[in-house]
Amino acid sequence: MQIDLFSDNSPNYPSGSPSKSPSESPFDSLSDSCQKIELTDGELVYCPDWLSASESTDLYRVFSRLAWQQSQIRMMGQYVTIPRLNAWYGDLGANYGYSGVRLPLNTWTSELRVLREQLLSTTGCRFNSVLANWYRSGQDSVSWHSDDEPELGENPVIASVSLGETRRFQLRHKTKREIETVALDLASGSLLLMLGKTQTHWQHQIPKTKRIIGGRINLTFRNIVNNEK
Ligand SMILES: O=C(O)CCC(=O)C(=O)O
Ligand SMILES: [Fe+2]
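To start, this report covers the structure provided alongside it. Small disclaimer: the values here were computed from a predicted structure and weren't measured.

1. With respect to the sheet that holds strand β8 (residues 105-106)
Right, so step 1: With mixed pairing, eight strands are arranged side by side in an open sheet as β1-β2-β14-β11-β16-β9-β5-β8. In this open sheet, the two strands that pair with only one neighbour each are β1 (35-39) and β8.
Right, so step 2: With five bridges connecting them, strand β2 (residues 42-47) and strand β14 (residues 191-195) associate as antiparallel partners. In the strand pairing of β14, tyrosine 46 is matched with leucine 192.
Right, so step 3: Seen against the sheet, helix α1 (residues 53-63) touches β9 (129-135), β11 (158-164) and β16 (216-222) and runs at an angle of roughly 95 degrees to β11.
Right, so step 4: Contacting β5 (85-90), β9, β11, β14 and β16, helix α2 (residues 110-123) runs over the sheet at an angle of about 60 degrees to β16.

2. Things to note about the coordination of the iron ion (ligand 2)
Right, so step 1: Looking at the metal site, the iron ion (ligand 2) is ligated by His145 (NE2), Asp147 (OD), Asp147 (OD) and His204 (NE2), spaced 2.1 to 2.8 Å from it.
Right, so step 2: Seen from the iron ion (ligand 2), its six donor atoms lie at angles of 50 to 167 degrees, and the figure they make is irregular.
Right, so step 3: Counting residues between consecutive donors of the iron ion (ligand 2) along the chain gives the motif H-x1-D-x56-H. Residue aspartate 147 is located in the loop between β10 (142-145) and β11, and its partner histidine 204 is located in strand β15 (residues 202-206); the two are separated by 57 residues in the primary sequence.

3. Things to note about the environment of glutamine 139
Right, so step 1: Here glutamine 139 shows up in the loop between β9 and β10.
Right, so step 2: Residues glutamine 139 and isoleucine 213 lie 74 residues apart in sequence; the distance between their C-alpha atoms is 9.3 Å.
Right, so step 3: Once residues within four sequence positions are removed from consideration, glutamine 139 is found in contact with Pro83, Lys208, Thr209 and Lys210.
Right, so step 4: At 3.3 Å, the side chain of glutamine 139 and the backbone oxygen of threonine 209 are in polar contact.

4. Things to note about the pattern of salt bridges
Right, so step 1: Applying the stated criterion to the full structure yields nine salt bridges.
Right, so step 2: A salt bridge links arginine 61 to aspartate 58; its shortest N-O distance comes to 3.2 Å. With a gap of three residues between them, arginine 61 and aspartate 58 both fall in helix α1, about one helical turn apart.
Right, so step 3: Among the residues examined, arginine 61 registers a relative accessible area of 49% and is labelled partly exposed.
Right, so step 4: Residues participating in the shared-partner salt-bridge network are Lys36, Glu38 and Glu43.

5. Overview of the sheet that holds β15
Right, so step 1: Pairing is antiparallel in the open sheet, where four strands are placed in the order β10-β15-β12-β13. Looking at which strands have only one partner, the edges of the open sheet turn out to be β10 and β13 (182-186). This sheet shows a mean twist of 15 degrees between the axes of neighbouring strands, independent of strand direction.

6. A few points about the nonpolar core
Right, so step 1: Core analysis: the biggest nonpolar cluster contains 33 residues, and Phe63, Leu112, Leu219 and Phe221 have the highest contact counts within it.
Right, so step 2: Among the elements of the structure, β2, α1, β5, α2, β9, β11, β14 and β16 are those that each provide at least two residues to this core.
Right, so step 3: Look past the residues within four positions of leucine 219 in its chain and what remains in contact with it is Phe63, Leu112, Leu115, Val130, Leu131, Ala132, Ala159, Ser160, Val161 and Leu163.
Right, so step 4: Judged by nonpolar contacts, the second largest core, of 26 residues, contains Ile82, Ala94, Tyr96 and Leu103.

7. Concerning the site of ligand 1
Right, so step 1: Near ligand 1 you find 13 residues, and of these Asn133, Tyr135, His204, Arg216 and Arg222 are the closest.
Right, so step 2: Here aspartate 147 contributes a side-chain N or O atom positioned 3.1 Å from an oxygen atom of ligand 1.
Right, so step 3: One of the side-chain N or O atoms of arginine 216 is found 2.8 Å from an oxygen atom in ligand 1.
Right, so step 4: Relative to its unbound accessible surface of 300 Å², ligand 1 loses 96% to contact with the protein.
Right, so step 5: Elements with a minimum of two residues in the shell around ligand 1: β9, β15 and β16.
Right, so step 6: For the shell around ligand 1, the element with the highest residue contribution is β16, accounting for four residues.
Right, so step 7: Among the residues forming the shell around ligand 1, the class breakdown is five nonpolar, five polar and three charged.

Procedures and definitions
All residue numbers here refer to positions counted from 1 along the written sequence of the relevant chain. Chains and ligands are labelled by the order in which they are written, letters from A for the one and numbers from 1 for the other. Owing to the predicted nature of the model, reporting of local features is limited to residues with pLDDT of at least 70; listing and counting of side-chain atom pairs is limited to 80 or more, with chain, interface and lining totals taken over all residues. Side-chain metrics rest on all non-hydrogen atoms present in the structure, leaving aside hydrogens and water. In this scheme, strands are said to pair when DSSP sees at least two bridges between them. Each helix is a run of DSSP H or I of at least 4 residues and each strand a run of E of at least 2, with the numbering of both proceeding from the N terminus. Contacts are assigned to residue pairs with any non-hydrogen atoms lying within 4.5 Å of each other. To define axes, lines are fitted to C-alpha atoms, for helices over the stretch in contact only, and angles between the resulting N-to-C directions are given on a 0 to 180 degree scale. Atoms are scored as donors when they are N, O or S and lie within 2.8 Å of the metal, with 3.2 Å used for Na, K and Ca; no water is included, so coordination may look incomplete. Think of it this way: with four donors and all angles in the 85 to 135 degree range, the site is tetrahedral; with four or six donors, opposite ones beyond 155 degrees and the rest between 65 and 115, it is square planar or octahedral; otherwise it is irregular. Here a polar contact is taken to be a pair of N or O atoms separated by no more than 3.5 Å, where protein atoms must pair a possible hydrogen donor with a possible acceptor and residues adjacent in sequence count only if both atoms sit in side chains. The salt bridge criterion pairs a side-chain nitrogen of Lys or Arg with a carboxyl oxygen of Asp or Glu, the two atoms within 4 Å. For every residue, the accessible area obtained with a 1.4 Å probe (protein chains only) is divided by the maximum for its type, and the residue is called buried under 20%, exposed over 50%, and partly exposed between those limits. Think of a nonpolar core as a cluster: buried Ala, Val, Leu, Ile, Met, Phe, Trp, Tyr and Cys residues, connected wherever their side-chain atoms sit within 4.5 Å. Nearness is judged by heavy atoms alone; a residue qualifies as near a molecule or strand once a single heavy atom is within 4 Å of it. With residues, only the protein chains shown are counted as cover, and all accessible areas are computed by Shrake-Rupley using a 1.4 Å probe. Three classes are used: nonpolar for Ala, Val, Leu, Ile, Met, Phe, Trp, Tyr, Cys and Pro, charged for Asp, Glu, Lys and Arg, and polar for all others, with Gly counted as polar.

See below:
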């Protein structure tokens, strides 16, 4: 695979995509196995079989050995332990935090690097970091939020790879309450792209479930544009 790592493309815009009229998304040319989901004020692409079942099983096992930690976030002046494990990997300088937590930066593992290259060839987007989440059971979750930290820049492309147990992913519009919540069941081996103004206008969550289920690892590849912090 030939990749020009030093080309001067805008980091959040696919590099290899053919030129399109402005009304078309650069992601329209993704394979037929991907489904485009148009939102009011946002856009998603869902590719259910991005990885094969055996790749997904192997990667779940490999990634269960990432540098997991259980972070504490600040909420209304109090420290609260988050109901999931986190790990942050990225290029030197790709520093990231949310809700008062600064996650320690780990250097890429070879398997995370391979996934990042596969994402470059699928999407044309180059990511410099990945936030890994491990939902150990149905009692682990992430509550309503947007991936809108300033270091992600404007209209970030977030590429979310799911491994292990299928979990429900919900999105709600921030201001237009008449728009119904959107729900997607994110299967093992799937890729979900959140595009355009999705982070500006929508929040997303993984709710808890009472079902007795196994674990799920989610990898959200991101591009940190402001690295001086
Ligand atoms: O687990 C997921 O699918 C979502 C994770 C997420 O929203 C995040 O890491 O910001
Ligand atoms: Fe998120």
